[in-house]
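Breakdown of the fold
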Amino acid sequence: MIPHRDTLLKARKVYSQCANKVEKSIAAQGLTPLLSTQVIGIGVATEWVRRAAEMDNIHYMGKNLNKSKSNDLFK
């Protein structure tokens, strides 16, 4: 496995643990599932927009993803 992929997979586990903590916090505050989903969604969207502003072209390791019709959307 490529070193940066290993790092990303480890980060995925950490994010999953964080998500579990957030879910418990939301439940403790008594927020409705719809409202909590909206709050989390807006936060995620904000972060991805910020990251997108810093990105260059994307090149996937898998050939199928590089040839997909939507690949042009990331250039």
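Up top you'll find the structure we're talking about.
Our subject in this report is the structure included herewith. Small disclaimer: the values here were computed from a predicted structure and weren't measured. (Residues numbered from 1 in each chain as written. Predicted model: local features only at pLDDT ≥ 70, side-chain atom pairs only at ≥ 80, totals over all residues. Heavy atoms only, no water.)

Once that is clear, we can look at the overall build of the protein chain. If you tally the helices and strands in the protein chain, you get three helices and zero strands. For the protein chain, the α and β elements follow one another from N to C terminus as α-α-α. Here the protein chain holds 75 residues, and the buried ones make up 4% of them. Accessible surface for the protein chain amounts to roughly 7,000 Å². Of this, 62% is attributable to carbon and sulfur atoms. (Helix = DSSP H or I, 4+ residues; strand = E, 2+ residues; numbered from the N terminus. Buried < 20%, exposed > 50% of the residue type's maximum accessible area, 1.4 Å probe, protein only. Areas by Shrake-Rupley, 256 points an atom, 1.4 Å probe, with all protein chains shown as cover.)

A surface patch of nonpolar side chains, amounting to about 370 Å² of accessible area, comprises V22, I40, V44 and W48. Tallying contributions element by element places helix α2 (residues 33-54) first for the nonpolar patch, with three residues. The topology assignment puts V44 in helix α2. (Patch = residues over 30% accessible without salt bridge, like charges linked within 9 Å, V, L, I, M, F, W, Y side chains within 5 Å. Salt bridge = Lys/Arg side-chain N within 4 Å of Asp/Glu carboxyl O.)

Glancing now at the pattern of salt bridges. Enumeration according to the criterion identifies three salt bridges in this entry. The closest approach of N and O atoms between D6 and K10, which form a salt bridge, is 3.5 Å. Residue D6 and its partner K10 are located together in helix α1 (residues 3-29), separated by four residues, close to a single helical turn. A cluster of three or more residues bridged by salt bridges with shared partners is formed by E47, R50 and R51.

Everything listed here is a matter of coordinates, which is why it stays silent on function.
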